[in-house]
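Report on the structure
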Amino acid sequence: MLVRIRLLGGFAVEGSDGRPVGLPTRKAAALLAVLASRPGATYTRERLAALLWSQSGEAQARGSLRQALAHVRKALAAAGCDAAVQESRGEGLRLVADGRVEVDVAHP
């Protein structure tokens, strides 16, 4: 199943049927947008937590990252693309770049 992510002209996520994929929080959407900005690239959890929760302490930021990641995975699973966000070497996260996810900035 394919998920399309649009970053240009406003953030939007839709399933292969064209229906919107809802993300329950702005931070979950921001997390997916960051990962989608460079599909296949690995981001450390530390970097993501600092980027999205810079006003929080480290422990709280890491907890918020875990929660946002759970929201992203649940939303993508509901769209039929449950393995789109993967762990990479334990400490990193990446958006798969194998055809399950289509990102507008990654295509000419």
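Note that the structure is predicted; figures quoted are calculated from it, not measured. (Residues numbered from 1 in each chain as written. Predicted model: local features only at pLDDT ≥ 70, side-chain atom pairs only at ≥ 80, totals over all residues. Heavy atoms only, no water.)

A look at the pairing of strand 2 (residues 12-15)
- Every second residue of strand 2 is oriented toward a common face, the buried set being V13 and G15 and the non-buried set A12 and E14.
- Relative to strand 2, strand 1 (residues 3-6) runs antiparallel, the two being bridged by four bridges. Directly across from R6, in strand 2, lies its bridge partner A12.
- The turn linking strand 1 back onto strand 2 is made up of five residues, and G9 within it adopts a positive phi angle of 75°. (Buried < 20%, exposed > 50% of the residue type's maximum accessible area, 1.4 Å probe, protein only. Helix = DSSP H or I, 4+ residues; strand = E, 2+ residues; numbered from the N terminus. Pairing = 2+ DSSP bridges.)

A short note on helix 1 (residues 26-37)
- Given a rise of 1.5 Å per residue, 12 residues ought to cover 16 Å, and the 16 Å separating the end C-alpha atoms of helix 1 matches this to within 8%.
- Taken together, the buried positions of helix 1 are occupied by A28, A29, L31, L32, V34, L35 and A36. (Expected span 1.5 Å × (residues − 1).)

Remarks on the pattern of salt bridges
- According to the stated counting rule, one finds two salt bridges in the structure shown.
- Here R4 makes a salt bridge to E102, at a shortest N to O gap of 3.5 Å. One end of the pair, R4, is in strand 1; the other, E102, is in strand 6 (residues 101-103), and 98 residues separate them in sequence.
- Among the salt bridges present, the one from R19 reaches D17, with a minimum N-O distance of 3.8 Å. Residue R19 shares its accessibility class with D17, and that shared class is exposed. (Salt bridge = Lys/Arg side-chain N within 4 Å of Asp/Glu carboxyl O.)

Let's talk about helix 2 (residues 45-52)
- Among all positions of helix 2, only R45, L48, A49 and L52 are buried. Viewed along the axis of helix 2, the buried residues span an arc of 100°, placing them on a single side of the element. Facing away from the buried side of helix 2 by over 90 degrees, the exposed positions are E46 and L51. (Arc of directions from axis to C-beta.)

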